[in-house]
Amino acid sequence: MNEPKTPLWQQLQATAAALQAVRQGQSLTAWLAALPAAQRPGVQALASQALRQWGRAQALRQQLARRAPPPPLDALLCCALALACCEPPPYSDFTLADQAVEAARRQRGLRAQAGFLNACLRRFGRERAALLAAVQADPVARWNHPLWWVQRLQRDHPAHWQALLEQAQEMPPMALRVNLRQGSREAYLQQLAQAQLAARALGPAHPAGIVLARPAPVQALPGFAQGRVSVQDGAAQRAAPLLLQGLAPAGGAPALRVLDACAAPGGKTAHLLELRPGAEVLALDVDAARCARIRGNLARLGLAAEVRAADAARPAQWWDGRPFDAILLDAPCSASGISRRHPDARWLRRESDLAALAATQRRLLAALWPLLRPGGRLLYATCSVFRAEGQEQADHFRAAHPDALALPAPGHLLPALAPGGNPAEKCGEDTDAHEPCTEDGFFYALFEKSAA
Ligand SMILES: C[S@@+](CC[C@H](N)C(=O)[O-])C[C@H]1O[C@@H](n2cnc3c(N)ncnc32)[C@H](O)[C@@H]1O
């Protein structure tokens, strides 16, 4: 790792504060937003790495100190232990111990406990192998996810649960969607090569998809500001073509009427419009601030849609009564399929949240179905690998709506591991067999309304 501009001890102070905030229920993204911009990337990287080892770090701390130290000290100690457990660790055990102790010495309230911190971290350095072996039998330490999450994956995906948990420990790849209205994918791959950014095309399920060999800031992507390309995972790139394939406007109408019911920040809205530039798209989101992000993304790409802040589950408040040809419901969910991108989510979620989320998804499906014309299609999507938010939801919907015909769709997309990991798991039948699957976990079900 390059020499940080901010001293490591200072980055550790900020990272420990971020981890303490996550423990108290705040999302990492929200906490980082309040940090000076220069510090953000470094702290985000360290906090994300630490959160991927958080189960193990807490179990190690219990081995080193049976009674939990005061929360700020505990967060700093667990932070240093978590970073020391990373593969490969960003810093040596010695550097981490030295800088964590320095962080404690320079922080009012922690100064007096710097000696205790030093003793714990030096002991970890000496007894590393034995201490790691001692916590390995604890599933939270072994898998670095809460126990309920591990048990749910075991139940939902008996053949794949280990691969799913291991994939959540990886750094996510950065995938792009080329705006084919502005030029071909091949031409963009050449532009990337000229910019010294190594990349390859995604498989046949992603005609506009590219994955970068290493993540890069969007400002470094050629033509980003001009709308040449967007950042979007391969799994998310499946939505728009799946919904639109072969669909024509009703009764010879000039344009397809499309509802994107939960649209912010607008990744899939934009893709819908890139594929059908003439479509009349209504993009809703209940969060007005997030609606601004839809508008910003569409403006960058030179696309137009009607964007409204509204609750999709209450059509009486926003629907003009004209049926839609297509509805995309990318519903709010646990985000369990993108755990590697947001490693705080696993520690923030409670199992009880799932029932509430499933109830919201069910309510949205029931409220939106009547807005679809006969022969129209609704695509239900979640970035979740839990069956309660995927297949069970789709099964319940079909049972409750006899006029819903299930069309072919990927169902649960279970991400594979990168090369070198366990054997590849299912990641969509249409993914190239020889290509390592890089997609997030997702669920897709597609329904057509039978003609009256
Ligand atoms: C998974 S995100 C959507 C991602 C988006 N489709 C994209 O591809 O960029 C879910 C969104 O649903 C919104 N949402 C949650 N409940 C809603 C509701 N009742 N009506 C409309 N939007 C809602 C959230 O604010 C959030 O922006």
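Reading guide: rules and limits
- Residues numbered from 1 in each chain as written.
- Predicted model: local features only at pLDDT ≥ 70, side-chain atom pairs only at ≥ 80, totals over all residues.
- Heavy atoms only, no water.
- Domains from an automatic or database assignment.
- Helix = DSSP H or I, 4+ residues; strand = E, 2+ residues; numbered from the N terminus.
- Buried < 20%, exposed > 50% of the residue type's maximum accessible area, 1.4 Å probe, protein only.
- Lys, Arg positive; Asp, Glu negative; His and termini not counted.
- Salt bridge = Lys/Arg side-chain N within 4 Å of Asp/Glu carboxyl O.
- Polar contact = N/O pair within 3.5 Å; in protein donor to acceptor, adjacent residues only side chain to side chain.
- Contact = heavy atoms within 4.5 Å.
- Expected span 1.5 Å × (residues − 1).
- Near = heavy atom within 4 Å.
- Nonpolar A, V, L, I, M, F, W, Y, C, P; charged D, E, K, R; others polar.
- Phe/Tyr/Trp six-rings, centres within 6.5 Å; stacked < 30°, edge-to-face > 60°.
- Axes fitted to C-alpha atoms, helices over the stretch in contact; angles between N-to-C directions.
- Left-handed = near helix turned anticlockwise from the far one by under 90°.
- Parallel < 35°, antiparallel > 145°, perpendicular 65-115°, else oblique.
- Pairing = 2+ DSSP bridges.
- UniProt positions renumbered as here; feature names shortened; annotations may be inferred.

Considering the domain arrangement of the protein
Then, number 1: Domain boundaries assigned for the protein yield domain 1 (8–143), domain 2 (175–230) and domain 3 (236–449).
Then, number 2: Once you take the C-alpha centre of each, domain 1 and domain 2 turn out to be 36 Å apart.

So, the side chain of Asp344
Then, number 1: Inspection of the secondary structure puts Asp344 in the loop between β8 (324–330) and α15 (345–348).
Then, number 2: One buried charge, Asp344, has no salt-bridge partner; the nearest side chain with opposite charge is Arg346, at 7.7 Å.
Then, number 3: Reaching out from Asp344, the side chain makes a polar contact with the backbone nitrogen of Leu28 at a distance of 2.7 Å.
Then, number 4: Sequence-distant contacts of Asp344, defined by excluding residues within four places in its chain, comprise Val22, Ser27, Leu28, Thr29 and Leu51.

What to know about helix α16 (residues 351–368)
Then, number 1: With 18 residues, α16 ought to run about 26 Å at 1.5 Å a step, and its terminal C-alpha atoms sit 27 Å apart, in line with that.
Then, number 2: Taken residue by residue, α16 has Leu354, Leu357, Ala358, Gln361, Leu364, Leu365, Ala367 and Leu368 as its buried positions.
Then, number 3: Each element contacted by the buried residues of α16 is listed here: α9 (147–156), β5 (257–260), β8, β9 (372–382) and α17 (391–400).

So, the pattern of salt bridges
Then, number 1: What the rule picks out here adds up to 22 salt bridges.
Then, number 2: A salt bridge links Arg128 to Asp93, with the nearest nitrogen and oxygen atoms 3.0 Å apart. Here Asp93 lies in helix α6 (residues 93–105) and Arg128 lies in helix α7 (residues 114–135), a separation of 35 residues in the sequence.
Then, number 3: The exposure class assigned to Asp93 is partly exposed, which follows from its relative accessible area of 24%.
Then, number 4: Note that Glu166 is salt-bridged to Arg142, the shortest N-O span being 3.9 Å. Taken together, the residues Glu166 in helix α10 (residues 161–167) and Arg142 in helix α8 (residues 139–143) connect sequence positions 24 residues apart.
Then, number 5: What makes Arg142 partly exposed here is its relative accessible area of 29%.
Then, number 6: One salt-bridge network, in which partners are shared between bridges, spans Asp233, Arg340, Arg341 and Asp440.

Quick notes on the site of the ligand
Then, number 1: Looking at the ligand, there are 18 residues lining it, with Asp285, Arg290, Asp311, Ala312 and Asp330 nearest.
Then, number 2: A distance of 3.1 Å separates a nitrogen atom of the ligand from a polar backbone atom of Cys262.
Then, number 3: Asp311 is positioned with one of its side-chain polar atoms (N or O) 2.8 Å from a nitrogen atom of the ligand.
Then, number 4: Among the residues making up the shell around the ligand, the classes are represented as 10 nonpolar, 2 polar and 6 charged.

Some remarks on the packing of aromatic side chains
Then, number 1: Scanning the model with the defined rule gives 8 aromatic pairs in all.
Then, number 2: Relative to Phe386, the ring of Trp149 lies with its centre 5.2 Å away and its plane at 70 degrees, an arrangement referred to as edge-to-face. Here Trp149 is found in helix α9, whereas its partner Phe386 is found in the loop between β9 and α17, with 237 residues between them in sequence.
Then, number 3: Overall, Trp149 belongs to the buried group, its relative accessible area being 2%.
Then, number 4: Seen in terms of ring centroids, Phe397 and Phe447 are 4.8 Å apart; in terms of plane orientation they differ by 55 degrees. Their pairing is tilted. Of this pair, Phe397 sits in helix α17 while Phe447 sits in strand β11 (residues 442–449), placing them 50 residues apart in sequence. For the pair Phe397 and Phe447, a shared accessibility class is recorded, and that class is buried.

Things to note about the environment of Ala30
Then, number 1: Tracing the backbone through its elements, the reader meets Ala30 in helix α2 (residues 28–33).
Then, number 2: Judged by relative accessible area, Ala30 falls into the partly exposed class, the value being 41%.
Then, number 3: Sequence-wise, Ala30 and Arg373 are 343 residues apart; in three dimensions their C-alpha atoms are separated by 40 Å.

Comments concerning the packing of helix α5 (residues 71–85) against α7
Then, number 1: Contact geometry for α5 and α7: axes closest at 11 Å, N-to-C directions at 35 degrees. Viewed along their axes, α5 and α7 form a crossing whose handedness is right-handed. In contact with Leu73, Leu76, Leu77, Ala80, Leu81, Ala84 and Cys85 of α5, α7 contributes Phe116, Leu117, Cys120, Leu121, Phe124, Arg128 and Leu132.

Brief notes about the packing of helix α4 (residues 54–64) against α7
Then, number 1: Direction vectors running N to C along α4 and α7 enclose 110 degrees, while the axes themselves pass 10 Å from each other. Taken as axis vectors, α4 and α7 run roughly perpendicular relative to one another. The element α4 and its partner α7 pack so that their crossing is right-handed. Across the interface between the two elements, Arg56, Ala59, Leu60, Gln63 and Leu64 of α4 pack against Cys120, Arg123, Phe124, Leu131, Leu132, Ala134 and Val135 of α7.

Observations concerning the sheet that holds strand β7 (residues 306–309)
Then, number 1: Spatial strand order, β7-β6-β5-β8-β9-β11-β10: 7 strands in an open sheet with mixed pairing. A single partner strand is all that each edge strand has here, and the edge strands are β7 and β10 (404–413). Here the average twist between neighbouring strands, direction ignored, is 15 degrees.
Then, number 2: The pairing of β9 with β11 spans 6 bridges and is classified as antiparallel.

Let's talk about the UniProt feature "binding site: S-adenosyl-L-methionine" (unreviewed entry) in the protein
Then, number 1: Within this numbering scheme, the UniProt entry marks Cys262, Ala263, Ala264, Pro265, Gly266, Gly267, Lys268, Asp285, Asp311 and Asp330 as carrying the feature "binding site: S-adenosyl-L-methionine" (unreviewed entry).
Then, number 2: Of note, Gly266 is situated in the loop between β5 and α13 (267–275).
Then, number 3: For Gly266, a relative accessible area of 2% puts it in the buried group.
Then, number 4: Mapping Asp311 onto the fold places it in the loop between β7 and β8.
Then, number 5: By relative accessible area, Asp311 is classed as partly exposed at 23%.
Then, number 6: Leave out the neighbours within four places in its chain, and Asp311 touches Val286 and Trp318.
Then, number 7: A polar atom in the side chain of Asp311 sits 2.8 Å from the backbone nitrogen of Ala313.

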